Structure formats: C-alpha cells, structure tokens
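Notes for the structure review
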Amino acid sequence: MAREHISPACPDPSTLTGPVRTCVGCRKRATKSELLRVTAGSDAEGQPVVVPDPTATAPGRGAHLHPTTECFELAVRRKAFGRALRVTTGLSSAPVGEYVASHAHQP
C-alpha cells in the first residue's frame, strides 16, 4: 500500500482553504488568493518579459509568487520564472519587480 508523504515543512493541507499554489520564490505553499500570478508576455519592443497578472485572468501558463520583495528577489536569483513558465529565452522580470515594489507599502 502506498503512503502519502507530507513534508513537515509544508503547511497542513487541511488548514489552507481554497486552491493552493507554491510560490516560485520561497517555494512555500499558500492559497491562490495570497499569491500574485505572473505570466510570460512581451514588452513594447517585443522582448519576452514576465508580466504581473493580479486578476489571474490572462491566458496561458502562469506562475505564482508572494507579492513581496524577498520572494521576488529569490525567484530572480534562482531563475525560477523561466523554469516555471517554461520559457527558454531570457526573460526580463522588471515589470513584476516594479509591480511588487509599488504594492509593497500597501496593507
């Protein structure tokens, strides 16, 4: 009989209500509503960038991130956006960084 392994580092699934996603920065699980969804898009020059999707309505593959500077910096350092969004070309994460910085001081 197979036994399900639940890591002690992961929050107890029964305490999280609603859809659960993993932050690409800190790799901690949280409810979807606590995280910022990001998608692959393009800037004005047509270069590939990571775009914030606060309404979570953009089409295509998305990744989730705590909207904090710490998690954003971890995701950039680990090159997590390209891996999570399955994009092989270099992605600029500047739009997400600007979004996180502008919303970091709001409650």
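Note that the structure is a prediction, hence the values are computed from the model and not measured. (Residues numbered from 1 in each chain as written. Predicted model: local features only at pLDDT ≥ 70, side-chain atom pairs only at ≥ 80, totals over all residues. Heavy atoms only, no water.)

**Observations concerning the nonpolar core**
Counted only if it meets this: The definition of a nonpolar core used throughout is a set of buried Ala, Val, Leu, Ile, Met, Phe, Trp, Tyr and Cys residues joined through side-chain atoms within 4.5 Å. A simple rule labels every residue: compare its accessible area, found with a 1.4 Å probe on the protein chains alone, to the largest value its type can have, and call it buried under 20%, exposed over 50%, or partly exposed in between. Numbering of helices and strands runs from the N terminus, with a helix taken as a DSSP run of H or I at least four residues long and a strand as a DSSP run of E at least two residues long. Throughout, a residue-residue contact means that at least one pair of heavy atoms, one from each residue, lies within 4.5 Å.
V24, V38, V50, L65, A75, F81 and V96 are the most contacted members of the largest nonpolar core, which has 17 residues in total. Among the elements of the structure, β3 (36-42), β5 (62-65), α1 (69-77), α2 (80-85) and α3 (94-103) are those that each provide at least two residues to this core. Residue contacts for A75: discarding those within four places in its chain leaves V24, G25, L65, A80 and F81.

**Side note on the packing of aromatic side chains**
Definition in use: Aromatic pairs are defined between Phe, Tyr and Trp rings, using the six-membered ring for Trp, whenever the two ring centres lie within 6.5 Å; interplanar angles under 30 degrees are classed as stacked, those over 60 as edge-to-face, and all others as tilted.
In total, this model carries 1 aromatic pair according to the counting rule given. Arranged with centres 6.2 Å apart and planes meeting at 40°, the rings of F72 and F81 form a pair that is tilted. Like F81, F72 is buried.

**Quick look at α1**
The cut-off we apply is this: Note: the arc covers the axis-to-C-beta directions of the helix.
Along α1, the positions that sit buried rather than exposed are C71, F72 and A75. The buried residues of α1 occupy an angular sector of 100° when projected down its axis, which confines them to one face. Across α1 from its buried face, at more than 90 degrees, point the exposed residues E70 and R77. Turning to α1, the residues buried within the fold contact β5, α2 and α3. Positive backbone phi, at 55°, marks K79, one or two positions downstream of α1.

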